[in-house]
Amino acid sequence: MEALQVGLAGFGTVGTGVAKILLEEAAWLERRSGRQIRLKRIADLDLERDRGVSLEKVQTSTRVEDILEDPEIRVLIELMGGIEPAKSFVLDAIAAGKHVVTANKALLASHGTELFQAAEAKGVQIGFEAAVAGGIPIVRSLREGLAADRILSIAGIINGTANYILSTMTEQGREFPECLKEAQEKGYAEADPSLDIEGQDTAHKLAILIGLACGVSVHPEDIFTEGIQRVTGMDIRYARELGYRIKLLALSKILDGELEARVHPTMIPESHLLASVGHAFNAVYATGRGTGPVMFYGKGAGMMPTGSAVVSDLVSLARNMRPGMPHDIPALGFYGQFPQDARLRPMEELVTKYYMRFPVVDRPGVLSKISGILGDHGISIDSVIQKGRQQAGPVHIIMLTHEARERDVRHALDVIDRLEVALDKSLFIRIEDSFDPPGLEPA
Ligand code: NDP
Ligand code: HSE
C-alpha cells in the first residue's frame, strides 16, 4: 500500500520527538498502521539548530506553505503553537483536503468548533490526542472508552510545569523561580510560561476535556482561572502540616444540572491518589455515573511522551484510510449538532472549605477581630494555627473553614484586608476533600 506522506510544521520540542519516532520507529509504525508513514517535509523558522535527528530523507524549509502546496502530503502536523499563523495554516490545510494532527490546545480550546466544522465539511479529520495531558491517551478514552457513560466530574492535574514547580517546592523546599527554570530546560513549559503558571494552559485543556466528556462547548475565558504565582513555600509547609498537598487542579462538576468549571491551586488530602502525582506527571480523575471513578496517570509534557501521542493520531489516520475502513468518529465523539455553549455556574456560588492566611500585626485581639468578621459573613472556622512571634515582620494566622460560599469569603477578606492590623493581602486556597459526586460510592 502507498505510504502516508506527512509534513511537520514546527520542529521544536514536540516536533523533534515526532520526527525521532517517525524516523526511528518506521518499521514498527508500518506494522501498526498497515502502511508506511513517511515524514516528507519539515518546516521551521530555524533550521540551523541541531536537534540530534538525521534529516537525510526529509525536505526542510522555513515555509509552512511548502507543506500545504505539496499534493502528495495528506497530513499537516501542526506543532508551532499559538493562535496565528497556526490557525490559518490549519484552515488552509483543511481547505486543501489534508488531515491535521495538532497538540495545540490553545488553538483548539479557542477555535475548536470552527476548525472541527471546517474539517467535517471537507471530510478530513483533526487528531489532537497530544493536546491534553501529553502522553496520557485521555482524548480517546473519553471519546471512545467512556462513550456510554455520563461523566459527572473531572479533577485533573493537567499542567506538567505547574505540577513540577509545586512538587519540587514541596519535596525539596526550593524556590519558585529555580523550579520554573528547570521545567523550561526540560521542555515542559510553553513558549510563554505565564500560560502554565497563571493557569490558562490548564483552562485550555479543561475546555477540551469538557467538550469530550459532556458534548458542550465552554470558552476557556469563561472558566474561572487562578494560577500558582501567589502560593508560597510557607503555604506549602502549612498545607503539609494540616495533612494536605497543594495542586493546580482543573475541576469540572455537574451540580443540579449546572456545570461548574474552574482552575485554581487546591488543597487536597495527602491520602488522595491525586496528591501523589508529582513532577511533570499528569493525572485525570473522572467520575462516571456507571463506571464510578477512573484515573489516568502518566507523563503530561515533554518531547517523547507528547511526540508519542501525536504519532498515535497518525497511526489512527493511516488505519482509517485503509480501503473499507470507516473513518467518521466525530472529533469530540458526538454526532448531530455541534456543541452548544454551556451555562457555567458563577464562581461566587461555589461552596467549599477554605484555607486562609492573614499576615498581621502581632497584637492582642487581632485573632478575635478576624474571626468576628468571618462570623459576621456566616463563615465558620474549623481550626486555627498561629506560630510563635518572629524577630521582625508579620505573624501569619492560618485558618481552615467549614464549608462556606465564595461570595461571602471574598467579602469577608476584603474587610479584613482593610484592617489597620493587616500587613499584607490575605491569601486563600480552596480545599477539596473529595471528588466523588454525592450519591456515588466513594473511591
Ligand atoms: P516549541 O516552541 O519548542 O516549538 C515550536 C517550533 O515552531 C519552534 O521551533 C518555532 O521556531 C517553530 N515555529 C514557530 N512559528 C513558526 C512558523 N510560523 N513557521 C515555522 N515554524 C514556526 O514548542 P513545543 O514543541 O513545546 O510545543 C509545540 C505545540 O505543542 C504547542 O502548541 C504546545 O502547546 C503543544 N504541546 C507542548 C507540549 C510540551 O511538552 N512541550 C506538550 C503538549 C502540547 P522558533 O523557535 O524559531 O520560533
Ligand atoms: N506546558 C504544558 C505543560 C505542556 O507544562 O503541561 C503540556 O501540555
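What counts, and at which threshold
Residues numbered from 1 in each chain as written. Chains lettered and ligands numbered in written order. Predicted model: local features only at pLDDT ≥ 70, side-chain atom pairs only at ≥ 80, totals over all residues. Heavy atoms only, no water. Helix = DSSP H or I, 4+ residues; strand = E, 2+ residues; numbered from the N terminus. Rg over C-alpha atoms; globule rule 2.2 N^0.38 Å. Buried < 20%, exposed > 50% of the residue type's maximum accessible area, 1.4 Å probe, protein only. Contact = heavy atoms within 4.5 Å. Areas by Shrake-Rupley, 256 points an atom, 1.4 Å probe, with all protein chains shown as cover. Lys, Arg positive; Asp, Glu negative; His and termini not counted. Charge placed at Lys NZ, Arg CZ, Asp CG, Glu CD. Axes fitted to C-alpha atoms, helices over the stretch in contact; angles between N-to-C directions. Parallel < 35°, antiparallel > 145°, perpendicular 65-115°, else oblique. Left-handed = near helix turned anticlockwise from the far one by under 90°. Nonpolar A, V, L, I, M, F, W, Y, C, P; charged D, E, K, R; others polar.

Below, the discussion takes up the overall build of the protein chain. The number of helices and strands found in the protein chain is 14 helices and 19 strands. At 24 Å, the protein chain has a C-alpha radius of gyration in line with the 22 Å of a compact globule built from 443 residues. Each principal axis of the C-alpha atoms in the protein chain carries an extent, and together these give about 80 × 45 × 35 Å. Split into buried and exposed, the 443 residues of the protein chain put 53% on the buried side. Taking as baseline every contact in the protein chain between residues at least 6 positions apart, the subset at least 24 positions apart corresponds to 73%. With an accessible surface of roughly 19500 Å², the protein chain has 49% of that area assigned to carbon and sulfur atoms. Both charge centroids of the protein chain, one from 48 positive and one from 60 negative side chains, sit 3 Å from each other.

At a closest axis distance of 8 Å, the pairing of helix H5 (residues 105-122) and helix H10 (residues 200-214) adopts a crossing angle of 55°. With respect to H10, the element H5 is oriented oblique. The element H5 and its partner H10 pack so that their crossing is left-handed. Residues Lys105, Ala106, Leu108 and Ala109 of H5 lie in contact with H10, whose contacting residues are Asp201, His204, Lys205, Ala207 and Ile208. Broken down by class, the residue content of the contact of H5 with H10 amounts to 5 nonpolar, 1 polar and 3 charged.

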